[in-house]
Amino acid sequence: MDFGYPQNLSPEILKLYITQEGVRSPFSSKAIDNKPPVNATLQVTGAVGWRREGLVYKKNEVFLDIVESVNLLMSQKGTTLRCDVTGKVLMKCFLSGMPDLKLGLNDKIGLEKEAEVKSRPTRSGKTIELDDVTFHQCVNLTRFTAEKTVSFVPPDGEFELMKYRISEGINLPFRVLPSIKELGRTRMEVNVKVKSVFGAKMFALGVVVKVPVPKHTAKANFQLTSGRAKYNAATDCLVWKVRKFPGQTELTMSAEVELISTMVDKKTWTRPPIQMEFQVPMFTASGLRVRFLKVWEKSGYNTVEWVRYITRAGSYEIRC
């Protein structure tokens, strides 16, 4: 703070000054390590308040992760009622000095601007329209407005570079076709088909399908093409788990559910939606891709860049 005005709110920088020193005993024989204090004023008044100078790494590396959550509400017949993707670009930087990074994505505005500057027609291929983009404070917004590329001097270590939302042109990773038949008062027949729509070389991990059943369920007998299934009385669900789900594959779960015959509960069962959990590495539901990630630093060192993609289930629901 300076005259009551907050000057720096960056956790990365505040960690340098908020320390926990041990209490030194007067009988200690060790010499006191008189380190010069870090100049906080310089850090605040500098143009790059989120990164300190003089950082040195033996190996200069940048890790970039695009993490997306798919939110979906689908009808029983497979019609999409509501769908959007919320994503974030996470970075981990171990770079010496004061590097300048430039990130290019396959978003529509960026590609159109590049074509305009180079007087070339835009290349064919999927372009993405990003909605509600939020950037980390390190991003140079003036350059983004002019060139439509994300330019920044990164903080040291981990940080969230940007957040975005996409509501059009979404590639759904899974399609679910449920069929639930009530056979009288004491039996139910459940059939659920799950089809993976992503590439055949990819696979989803930790796939969980939760099929709701009435409260007065006694037991369920399953027939599965893959994975394990059980009835969870605490959540009133049939839980089907598939550890590794390959792309372009259709798996089915059939269950015969036995119900306890009750006279008290005469209310009709309102069917809650089927819920899904999953994560698909190296796949983005929005189709967002990193076209380039350039690192420039005055000493001209070589860097290693790593890029990963992952799509997870947000609120992924299918009405039955």
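Predicted model only: the values in this text are computed from it and were never measured. (Residues numbered from 1 in each chain as written. Predicted model: local features only at pLDDT ≥ 70, side-chain atom pairs only at ≥ 80, totals over all residues. Heavy atoms only, no water.)

Caption draft 1: Summary view of the overall build of the protein. Along the protein, the regular secondary structure elements total 4 helices and 16 strands. Total accessible area on the protein is roughly 19,400 Å²; 53% of this is exposed by carbon and sulfur atoms. (Helix = DSSP H or I, 4+ residues; strand = E, 2+ residues; numbered from the N terminus. Areas by Shrake-Rupley, 256 points an atom, 1.4 Å probe, with all protein chains shown as cover.)

Caption draft 2: Region of interest: unusual backbone geometry. Even without being a glycine, Asp236 presents a positive backbone phi close to 55 degrees. The backbone of Met282 sits at a positive phi, close to 60 degrees, despite the residue not being glycine. Locating Met282 in the fold gives a position in the loop between β14 (274-281) and β15 (290-296). For Met282, a relative accessible area of 41% puts it in the partly exposed group. (Buried < 20%, exposed > 50% of the residue type's maximum accessible area, 1.4 Å probe, protein only.)

Caption draft 3: Looking closely at the nonpolar core. Counting 68 residues, the largest nonpolar core has Met91, Phe152, Leu161, Phe174, Val190 and Leu238 as the members making the most contacts within it. Ranked by the residues each element gives to this core, the list is headed by strand β1 (residues 61-74), at 6 residues. Residue assignment places this core across two domains, with domain 2 (61-170 + 284-318) and domain 3 (174-262 + 272-281) each supplying three or more. Ignoring sequence-local partners within four residues, the contact set of Met91 consists of Val62, Phe63, Leu64, Leu101, Phe152, Gly157, Glu158, Phe159, Leu161 and Leu293. (Core = buried A, V, L, I, M, F, W, Y, C linked by side-chain atoms within 4.5 Å. Domains from an automatic or database assignment. Contact = heavy atoms within 4.5 Å.)

Caption draft 4: Molecular detail of the packing of aromatic side chains. Scanning the model with the defined rule gives 10 aromatic pairs in all. When the centroid spacing of 6.3 Å and the interplanar angle of 75 degrees are considered together, the rings of Phe63 and Phe94 count as edge-to-face. On the criterion of sequence distance, the pair formed by Phe63 in strand β1 and Phe94 in strand β2 (residues 80-94) is long-range, its members being 31 residues apart. Assessed through its relative accessible area of 27%, Phe63 is described here as partly exposed. Measuring from centroid to centroid gives 5.1 Å for Phe174 and Phe245, while their planes differ by 75 degrees, and the two rings are edge-to-face. (Phe/Tyr/Trp six-rings, centres within 6.5 Å; stacked < 30°, edge-to-face > 60°.)

Caption draft 5: Summary view of the pairing of strand β7 (residues 174-183). Direction of pairing for β7 relative to strand β8 (residues 187-196): antiparallel, over a ladder of 10 bridges. In the sheet register, Val176 faces β8, and the bridge partner there is Val194. Where β7 hands over to β8, the hairpin turn is made up of 3 residues, of which Gly184 adopts a positive phi near 75 degrees. (Pairing = 2+ DSSP bridges.)

Caption draft 6: Fine view of the environment of Gly169. Its location among the elements puts Gly169 in the loop between β6 (157-166) and β7. In this structure, the C-alpha to C-alpha distance between Gly169 and Gly287, residues 118 residues apart in sequence, is 8.3 Å.

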